[in-house]
Amino acid sequence: MKSLISIMDLDERDINALMDTADDIVARPGAYAHKMAGKKLASLFFEPSTRTRLSFEAAMYELGGNVIGFSEAQSSSAAKGESVADTVKTVSCYADIIAMRHPKEGAPLVASQSATVPVINAGDGGHNHPTQTLADLFTIRREKGRVSGLTVGVCGDLKFGRTVHSLLEALSRYEGNRFVMVSPEELKVPSYVKQHLKNNHVPYTQTTDLSQALPELDVLYMTRVQKERFFNEADYIRLKDSYVLTPQKLEGAKGDLIIMHPLPRVNEISVAIDQDPRACYFKQVLNGKYMRMALILMMLEGEK
Ligand code: CP
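## Details of helix α6 (residues 162-171)
Part 1 of the reasoning: Of all 10 residues in α6, 10 are buried; the element is thus mostly enclosed.
Part 2 of the reasoning: What α6 keeps buried is the set R162, T163, V164, H165, S166, L167, L168, E169, A170 and L171.

## Side note on the sheet that holds strand β4 (residues 119-124)
Strand pairing within a sheet occurs via backbone hydrogen bonds; the two strands may be parallel or antiparallel.
Part 1 of the reasoning: Reading across the sheet, the four strands line up as β2-β1-β3-β4 and stay open at both edges, with parallel pairing between neighbours. Two strands lie at the open edges of the sheet, namely β2 (66-70) and β4, each paired on one side alone. Averaged over all neighbouring strand pairs, the angle between strand axes comes to 15°, with direction disregarded.
Part 2 of the reasoning: Where strand β3 (residues 97-102) lies against β4, four bridges are found, and the strand directions are parallel. In the sheet register, I98 faces β4, and the bridge partner there is V119.

## What to know about the sheet that holds strand β9 (residues 258-260)
Part 1 of the reasoning: Spatially, β7-β6-β5-β8-β9 is the arrangement adopted by the five strands of the open sheet, whose pairing is parallel. Of all the strands in the sheet, just β7 (204-207) and β9 have a single pairing partner and so form its edges. For this sheet the average axis-to-axis angle between neighbouring strands, irrespective of direction, equals 15°.

## Quick notes on the domain arrangement of the protein chain
Part 1 of the reasoning: As far as domains go, the protein chain holds domain 1 (7-128 + 288-301) and domain 2 (130-284).
Part 2 of the reasoning: Of note, the centres of domain 1 and domain 2, computed from C-alpha atoms alone, are 25 Å apart.
Part 3 of the reasoning: At the interface, 32 residues of domain 1 touch 26 residues of domain 2.
Part 4 of the reasoning: Note on domain 1 versus domain 2: buried area summed over both sides is about 2,500 Å², and carbon and sulfur give 56% of it.
Part 5 of the reasoning: When residues of domain 1 are sorted by the area they lose upon contact with domain 2, I7, M8 and M19 head the list and together hold 24% of the total.
Part 6 of the reasoning: On the surface where domain 1 and domain 2 come into contact, there are five salt bridges.
Part 7 of the reasoning: We note a salt bridge from R141 to D20, for which the minimum N-O separation is 2.9 Å.
Part 8 of the reasoning: Inspection of the domain 1/domain 2 interface yields 15 residue pairs in polar contact (both at pLDDT 80 or more).
Part 9 of the reasoning: When contributions to the side of domain 1 that touches domain 2 are tallied by element, the ones reaching two or more residues are α1 (12-27), α2 (51-62), β4 and α10 (281-301).
Part 10 of the reasoning: Counting residues per element, the side of domain 1 that touches domain 2 draws most heavily on α1, which supplies nine residues.
Part 11 of the reasoning: A breakdown of the residues in the side of domain 1 that touches domain 2 according to their chemical character gives 14 nonpolar, nine polar and nine charged.

Conventions adopted
- Residues numbered from 1 in each chain as written.
- Predicted model: local features only at pLDDT ≥ 70, side-chain atom pairs only at ≥ 80, totals over all residues.
- Heavy atoms only, no water.
- Buried < 20%, exposed > 50% of the residue type's maximum accessible area, 1.4 Å probe, protein only.
- Helix = DSSP H or I, 4+ residues; strand = E, 2+ residues; numbered from the N terminus.
- Pairing = 2+ DSSP bridges.
- Axes fitted to C-alpha atoms, helices over the stretch in contact; angles between N-to-C directions.
- Domains from an automatic or database assignment.
- Contact = heavy atoms within 4.5 Å.
- Buried area = accessible area lost by both parts, 1.4 Å probe.
- Salt bridge = Lys/Arg side-chain N within 4 Å of Asp/Glu carboxyl O.
- Polar contact = N/O pair within 3.5 Å; in protein donor to acceptor, adjacent residues only side chain to side chain.
- Nonpolar A, V, L, I, M, F, W, Y, C, P; charged D, E, K, R; others polar.

So this is what it looks like as structure tokens:
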């Protein structure tokens with residue numbers, strides 16, 4: 001695989017192979033400790049990140065490789081007006097693989113057309129976040145034992161929440177999944193994602209009522225309202241606390257529900273829920289590192 005721009009660049013077999021590799025990394029980390037010796041990852045983050053950037057970097061170090069990069073556009077020559085294309089042509093001279101986050105939708109795709117090394121989309125604007133989806137799928141498989149036959153609720157900012165777009169596309173590849181999409185009217189999932197579900201005959205419903213949806217869910221995927229994508233602060237303030245999950249609200253939920261969130265959390269999940277055995281969002285963080293290790297291996301070594 002040359003680059004990973006969308007989760008749809010991976011087929012079901014690729015995703016299953018990545019999860020198998022990640023399981024093996026969890027079981028036998030020592031066997032992977034030198035696999036990327038002599039290789040370099042460039043982490044080019046034009047937009048803030050804690051988990052994605054640091055987990056890519058931790059992943060490369062744990063594979064025995066090295067990391068170069070920047071964590072904000074202002075500390076790169078983008079601040080002087082350099083194009084994404086010229087930046088990645090340059091970085092291709094220094095690194096074997098690039099992980100790029102950018103506020104503009106499509107920037108990693110543009111980068112992949114100019115880079116001479118593989119590019120991984122680490123989040124592009126309100127569009128896609130395929131490696132978060134790999135973390136999410138691996139978490140679902142480890143917690144539920146499968147990624148099929150599930151009723152999955154996605155809740156919050158479904159318009160700008162790029163992790164949701166990639167997750168819905170990925171889960172629609174697996175049989176028997178259905179989605180309950182919970183959001184304010186203004187933050188419904190974009191039509192291109194709904195079209196994808198329709199084209200693949202994946203059942204879904206849309207609602208504004210989380211409490212009503214909760215009892216039927218196997219997976220609840222909460223998201224924050226994406227402040228940085230709003231043009232109007234008043235709209236953000238009006239919508240930001242549309243859904244706040246509390247222990248009381250969970251009373252009607254299944255005992256084996258899993259509660260997920262790509263993080264960062266603002267106010268969508270009460271910290272009291274962190275102690276609930278159904279809370280999986282910090283497991284997602286750790287699983288993201290293992291899946292990024294598996295992905296780097298697949299892309300640089302073809303290991304499946
Ligand atoms: N989930 C996620 O993308 O987190 P960061 O923005 O901290 O990378």
